[in-house]
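Below, each chain spelled out in residue letters.
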Amino acid sequence: MPGPAESKGGAPLVLGIDTSCDDTGVGVARGPVVLANVVESQTALHARFGGVMPELASREHLEVIADVAQRALAEAGVTLADLGAVAATRGPGLVGALLVGLSYGKALAWGLGVPFVPVHHLEGHLAAAGGAEPPFIALLASGGHTALFAVHAWGQVEELGRSRDDAAGEAFDKVARLLGLGYPGGAALAQLAATGDDQALSLPQPMQGHKGLDFSFSGLKTAVALLLERQPDARPADVAASFERVVVTSLVNGAARALSQTGMQRLVVAGGVAANARLRREFAAAGIDVAFPPPALATDNGAMIALAGGQRLASGRLPPAPFTADAEPYLPLVGA
Ligand code: KG4
Ligand code: ZN
């Protein structure tokens, strides 16, 4: 039986790196198969600031990246010599943080004499949903982005709508902070919401009656802040459940509208908020044909970049001079 290091069906072994924000992620994949996924989280480092401190994030990435890469190779049971390519996120993200993974990836690929594949962070999130072949609608809901895309083919992406203000994950984090759940509090808020009554409190449904495909979440966050001021006795679990209901309804309705307006049949949900259990339940209840990433691949990680890098290699979508790819903090997905 061939081991993980030996070629199966010709797909190269790809090491993927993501240092776009505050997690140092390195993964290894061959074709669609993830062989390793190591994420060194900096959450504790930034928690006391209530948000990510960019300079600290860059320094920490630099400190740990070589070790995280070694652990990923060990987890996959391979060595550097087995790698057929190296992929790294080149944007969007914090520029200093991106530069660490991008430079490390380029140097590694150069030293090994294998191709280097610069990858768009959101393309990685999409690849993590696994096996979905275009055409499909993508709902990306993370801490930094909330947007709907029509993916006509790999590399042929059209943006249909986006949040006009806060991202969905950002709203989860801000409301979690109002409830004293720490940072980033999306997962903790969801856990608390599971024990609450989602009808207990009335909150405005954002963009109600709006027929477009944009989202808005900052008014909802303000509404929660006002509610907590006016009703200090409200049960935190009820506040969490009511808030989560409104966000999930907004995301499900937006995605359903995108499907009906484009006539596309399939939806892929990606980004950290894709880990939300209520979101998963409500898409299923709406009878939508939907693919989610496995929870371990929903939040930022390097394996998703290895998967996307492998897809790019397989379809020949490499920029003319990959080793000159620069970190792009605001890189758009359309045309990337
Ligand atoms: O994609 P991601 O790991 O990082 C970005 O690229 O932003 O997403 C992180 C976001 C955070 O805002 C976090 O609070 C949110 O995803 N998140 C969740 C859950 N798990 C993580 N939001 C709602 N429910 C969850 N279970
Ligand atoms: Zn992300």
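Look above for the structure.
Computed from a predicted structure; not experimentally measured.

## Some points on the overall build of the protein
Moving on, step 1. If you tally the helices and strands in the protein, you get eleven helices and ten strands.
Moving on, step 2. Taken over the C-alpha trace, the protein has a radius of gyration of 20 Å; the compact-globule value for 336 residues is 20 Å, and the two agree within 12%.
Moving on, step 3. Projected onto its principal axes, the C-alpha coordinates of the protein cover approximately 60 × 45 × 40 Å.
Moving on, step 4. Counted over contacts in the protein with a minimum sequence separation of 6, partners at least 24 positions apart contribute 70%.
Moving on, step 5. Summed over its atoms, the accessible surface of the protein is roughly 14,100 Å², and 55% of this surface lies on carbon and sulfur atoms.

## Let's talk about the environment of C21
Moving on, step 1. Here C21 is to be found in the loop between β1 (13-18) and β2 (23-30).
Moving on, step 2. Residue C21 is classed as partly exposed on the basis of its relative accessible area, which comes to 25%.

## As for the site of ligand 1
Moving on, step 1. Of all residues adjacent to ligand 1, which total 18 residues, the nearest are G143, D173, G272, N276 and D300.
Moving on, step 2. Measuring from an oxygen atom of ligand 1, one finds a side-chain N or O atom of H121 at 3.4 Å.
Moving on, step 3. Between ligand 1 and the protein, one listed contact pairs an oxygen atom with a backbone N or O atom of D300 at 2.9 Å.
Moving on, step 4. Relative to its free-state accessible area of 560 Å², ligand 1 is covered by the protein chains to the extent of 86%.
Moving on, step 5. Counting only elements with at least two residues in the shell around ligand 1, the list comes to α4 (121-128), α5 (168-178) and α6 (186-193).
Moving on, step 6. Broken down by class, the residue content of the shell around ligand 1 amounts to five nonpolar, eleven polar and two charged.

## Things to note about the sheet that holds strand β10 (residues 289-291)
The strands that make up a sheet pair up through hydrogen bonds in the backbone, lying either parallel or antiparallel.
Moving on, step 1. Ordered in space as β8-β7-β6-β9-β10, the five strands form an open sheet in which the pairing is mixed. For this open sheet the edge positions go to β8 (156-162) and β10, each flanked by a neighbour on one side alone. When strand polarity is set aside, the average angle formed by the axes of neighbouring strands in this sheet is 25°.
Moving on, step 2. Examined bridge by bridge, strand β6 (residues 136-141) and strand β7 (residues 146-153) share six bridges and lie antiparallel to one another. For L140, the partnering residue across the bridge sits in β7 and is A147.

## Description of the pairing of strand β3 (residues 33-41)
Moving on, step 1. Of the pairings in the sheet, the one linking β2 to β3 comprises eight bridges and is antiparallel in character. Across the sheet, V26 pairs through a bridge with V38, a residue of β3.
Moving on, step 2. If you look at the hairpin formed by β2 and β3, you'll find two residues sitting between the two strands, and G31 has a positive phi there, around 55°.

## So, the packing of aromatic side chains
Moving on, step 1. Taken as a whole and judged by the stated rule, the model has six aromatic pairs.
Moving on, step 2. Considering the side-chain rings of F136 and W154, the 5.8 Å spacing of their centres and the 70° angle between planes classify their relative orientation as edge-to-face. Here F136, found in strand β6, pairs with W154, found in the loop between β7 and β8; they are 18 residues apart in sequence, far enough to count as distant.
Moving on, step 3. Judged by relative accessible area, which is 1%, F136 ranks as buried.
Moving on, step 4. Each ring, one from F172 and one from F243, has its centre 5.2 Å from the other, and the planes form 80°; the classification is edge-to-face.

## Section: the side chain of S20
Moving on, step 1. Here S20 shows up in the loop between β1 and β2.
Moving on, step 2. Judged by its relative accessible area of 3%, S20 is buried.
Moving on, step 3. In this structure the side chain of S20 is engaged in a polar contact, spanning 3.3 Å, whose partner is the side chain of H121.
Moving on, step 4. For S20, the contacting residues outside a window of four places in its chain are T89, P92, G93, L94, A97, L98, H121 and D300.

## Topic: the nonpolar core
Moving on, step 1. Ranked by size, the top nonpolar core spans 44 residues in total, and within it F243, L251, L267 and F283 carry the most contacts.
Moving on, step 2. Among the elements of the structure, β6, β7, α5, α6, α7 (218-230), α8 (236-262), β9 (266-270) and α9 (277-285) are those that each provide at least two residues to this core.
Moving on, step 3. Residue contributions to this core peak at twelve residues, all from α8.
Moving on, step 4. With residues near it in sequence (within four places) discarded, F283 still touches L139, L251, V252, A255, L267, V269, I288, V290 and F292.

## A look at helix α2 (residues 54-76)
Moving on, step 1. The end-to-end C-alpha separation of α2 is 30 Å, in line with the 33 Å expected for 23 residues at 1.5 Å each.
Moving on, step 2. At V64, α2 shows its largest kink, close to 45°.
Moving on, step 3. Contacts made by the buried residues of α2 are with β1, β2, β3, α1 (43-47) and α3 (95-112).
Moving on, step 4. Residue G77 follows α2 closely and has a positive phi angle near 70°.

## Notes on α9
Moving on, step 1. Those residues of α9 lying buried are R278, L279 and F283. The arc that holds the buried residues of α9, viewed along the axis, is 130°, so those residues lie on one side. Among the exposed residues of α9, those oriented more than 90 degrees off its buried face are R281, A284 and A285.
Moving on, step 2. For α9, the secondary structure elements touched by its buried residues are β6, α8, β9 and β10.
Moving on, step 3. N-capping of α9 is provided by N276, with a side-chain oxygen placed 3.0 Å from the backbone N of R278.
Moving on, step 4. Once α9 finishes, G287 follows within two positions and takes phi at roughly 70°, a positive value.

Reading the values: the criteria
Residues numbered from 1 in each chain as written. Chains lettered and ligands numbered in written order. Predicted model: local features only at pLDDT ≥ 70, side-chain atom pairs only at ≥ 80, totals over all residues. Heavy atoms only, no water. Helix = DSSP H or I, 4+ residues; strand = E, 2+ residues; numbered from the N terminus. Rg over C-alpha atoms; globule rule 2.2 N^0.38 Å. Contact = heavy atoms within 4.5 Å. Areas by Shrake-Rupley, 256 points an atom, 1.4 Å probe, with all protein chains shown as cover. Buried < 20%, exposed > 50% of the residue type's maximum accessible area, 1.4 Å probe, protein only. Near = heavy atom within 4 Å. Polar contact = N/O pair within 3.5 Å; in protein donor to acceptor, adjacent residues only side chain to side chain. Nonpolar A, V, L, I, M, F, W, Y, C, P; charged D, E, K, R; others polar. Pairing = 2+ DSSP bridges. Axes fitted to C-alpha atoms, helices over the stretch in contact; angles between N-to-C directions. Phe/Tyr/Trp six-rings, centres within 6.5 Å; stacked < 30°, edge-to-face > 60°. Core = buried A, V, L, I, M, F, W, Y, C linked by side-chain atoms within 4.5 Å. Expected span 1.5 Å × (residues − 1). Bend = angle between axes of the 7 residues up to and from the residue. Arc of directions from axis to C-beta.

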